[in-house]
Amino acid sequence: MPQAISHEFSSSVKLKYVKLGYQYLVNHILTFLLIPIMVGVLIEVLRLGPDEILKLWNSLHFDLVKILCSSFLIIFAATIYFMSKPLSIYLVDYACYKPPVTYRVPFATGVEHAKIIFRSNPKCVDFLMRILERSGLGEETCLPPATHYIPPRPTMKAAREEAQEIIFSAMDSLLYKTGLEAKDIDILIVNCSIFSPTPSLSAMVINNYKLRSNIKSFNLSGMGCSAGLISIDLARDLLQVHPNSNAVVISTEIITPNCYQGKERAMLVPNCLFRMGGAAILLTNSRWERRRAKYRLLHVVRTHKGADDKAYRCVMEEEDPEGNVGVKLSKDLMAIAGEALKSNITTIAPLVLPASDQLLFFIILIGRKILNLNWKPYIPDFKQAFEHFCIHAGGRAVIDELQKKLQLSAEHVEASRMTLHRFGNTSSSSLWYELSYIEAKGRMKKGDRIWQIGFGSGFKCNSAVWKCNRNIKPPTDGPGPWLDCIHRYPVQIPEVVLL
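Computed from a prediction, not measured in an experiment: that's the story for all the values here.

Undergrad: Help me get a handle on the pairing of strand S4 (residues 246–252), residues and values and all.
TA: The element S4 is largely enclosed, with a buried count of 7 among its 7 residues. Every second residue of S4 is oriented toward a common face, with Asn246, Val248, Ile250 and Thr252 on one face and Ala247, Val249 and Ser251 on the other, all of them buried. Where S4 and strand S5 (residues 278–284) come together, 7 bridges link them in antiparallel fashion. Pairing of isoleucine 250 across the sheet is with alanine 280, part of S5.

Undergrad: An account of the packing of aromatic side chains is needed here, citing residue identities and associated values.
TA: Enumeration over the complete set of coordinates arrives at 13 aromatic pairs. Measuring from centroid to centroid gives 5.8 Å for phenylalanine 168 and tyrosine 209, while their planes differ by 85°, and the two rings are edge-to-face. In this pair, phenylalanine 168 is assigned in helix H7 (residues 156–178) and tyrosine 209 in helix H8 (residues 201–209), connecting sequence segments 41 residues apart. Like tyrosine 209, phenylalanine 168 is buried. Ring centres of phenylalanine 382 and phenylalanine 386 lie 6.3 Å apart, and the angle between their planes is 20°; on these two criteria the pair is classed as stacked. Each member of the pair phenylalanine 382 and phenylalanine 386 is classed as buried. Linked through ring pairs, Phe423, Tyr433, Tyr437, Trp482 and Tyr489 together constitute an aromatic cluster. Across from the ring centre of tyrosine 149, 3.9 Å away, lies the NZ or CZ of arginine 153, which sits over that ring. Directly above the ring of tyrosine 94 sits lysine 177, whose terminal nitrogen or CZ lies 5.5 Å from the centroid.

Undergrad: Tell me about the sheet that holds strand S6 (residues 295–304), and please be specific about residues and values.
TA: Reading across from one edge, S3-S2-S4-S5-S1-S6-S11-S10-S9 is the order of the 9 strands in this open sheet, with mixed pairing throughout. Strands with a single pairing partner mark the edges of an open sheet, and in this sheet they are strand S3 (216–220) and strand S9 (388–391). Each neighbouring strand pair of the sheet contributes to a mean axis angle of 25°, computed without reference to strand direction. Sitting on the sheet, H8 touches strand S2 (187–191), S3 and S4, and the angle it makes with S2 is about 135°. Most of the contacts of helix H12 (residues 333–352) go to S6, to which it runs at about 140°, and overall it touches S6, strand S10 (449–456) and strand S11 (460–468).

Calculation notes
Residues numbered from 1 in each chain as written. Predicted model: local features only at pLDDT ≥ 70, side-chain atom pairs only at ≥ 80, totals over all residues. Heavy atoms only, no water. Buried < 20%, exposed > 50% of the residue type's maximum accessible area, 1.4 Å probe, protein only. Helix = DSSP H or I, 4+ residues; strand = E, 2+ residues; numbered from the N terminus. Pairing = 2+ DSSP bridges. Phe/Tyr/Trp six-rings, centres within 6.5 Å; stacked < 30°, edge-to-face > 60°. Lys NZ or Arg CZ within 6 Å of the ring centre and 35° of its normal. Axes fitted to C-alpha atoms, helices over the stretch in contact; angles between N-to-C directions. Contact = heavy atoms within 4.5 Å.

Shape is all these values report; function is a separate question.
Below, the structure written as structure tokens:
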């Protein structure tokens, strides 16, 4: 037995070094090709000697007109290149909303409310308790005041008050951290999926901060938990055509009107997972902000599977037989999310992977799609492309599935699991709580690459790739969602919490 284990270990070590050798060879193939050429040129120059080199130089005839024309063409081509080159988009800073402790909903409170509200239906209580036990949420997640009543009071006034508290708090923190004045905001994008009042949430922000009358404002609704990255993509496109501009993106989900009060199990699940949260992000294309900006946006890749009926209906807001409105989650949700992720990976892989993985990915893709060979799909090693992963904290099952598919370690998904535990599913803003966690742990260094992955109704899978612009020190004061609790994390999250 010891000999067999020793043989397996030896084989795995050899395979590891073979893989590392292959990666090094392919990733540096140009270097290996150029070195012999440069050595050959150098040997030839040394062989000629100084006299022959001088004679060769004198034999060349330079025409002033040709030199001027060539210089003009070079300058003209360089000008066209730099003018057509996309503007770099920088993330200066961001801020996340932190609910007050009075909004906290520990498990005991949730169970007590469920027993009172569903006292005539104990099966609903048992179902909710099973979901909570396996949810991965902790005891400090928060819900808005309207949901603390028995029964809840999801009025329009309460929903507006929640929106104002979250959005204005995140916005105030952003202005404080960046020193930005309201009059310097050129573009405003607000995304909130279900709560879409009139006037819009973006108009509410403009009114409160007295923003300029010529501001370009957008309000995105109905786009689910991936709407945050859709807003980033929209901001990027707008900043490409509006130079020297600042764009503020606000991502949130208002819980008050989303509180389902019926008995359908598929519609009760969101009540257990979704919690208060929001984030405000400052993007700019100004070169003067490059030094203090935290990140540079490299890529945004969006995948939409809405053409498929199952994908379109897997997250659907509708009425139950009793007329109660809620969001229904399909049993096929995880399978559909997996297919959307595959499509997204196919697009993003050539943009971010090293040449060695791209070559393998391309060969296996050709074999499967064109030659119809029965090869297993190649899962690229994205750990070579990214140092940090921010996976939408939609639930424990989502994080587990992506960790398995992308072959990530526990540390790679730590930010997602701890965000789910501390804040719950905050919808589109969860990615920013995760990024804040990585920063609070002091793990973000200059040059690090971050992959944000969001999923949303429709069905959508969206990705954003960032590169860290400077070393980021853990915050010691000021606004921050993790400031008073980061020392307690990471925590051990049991598979089942007995209630």
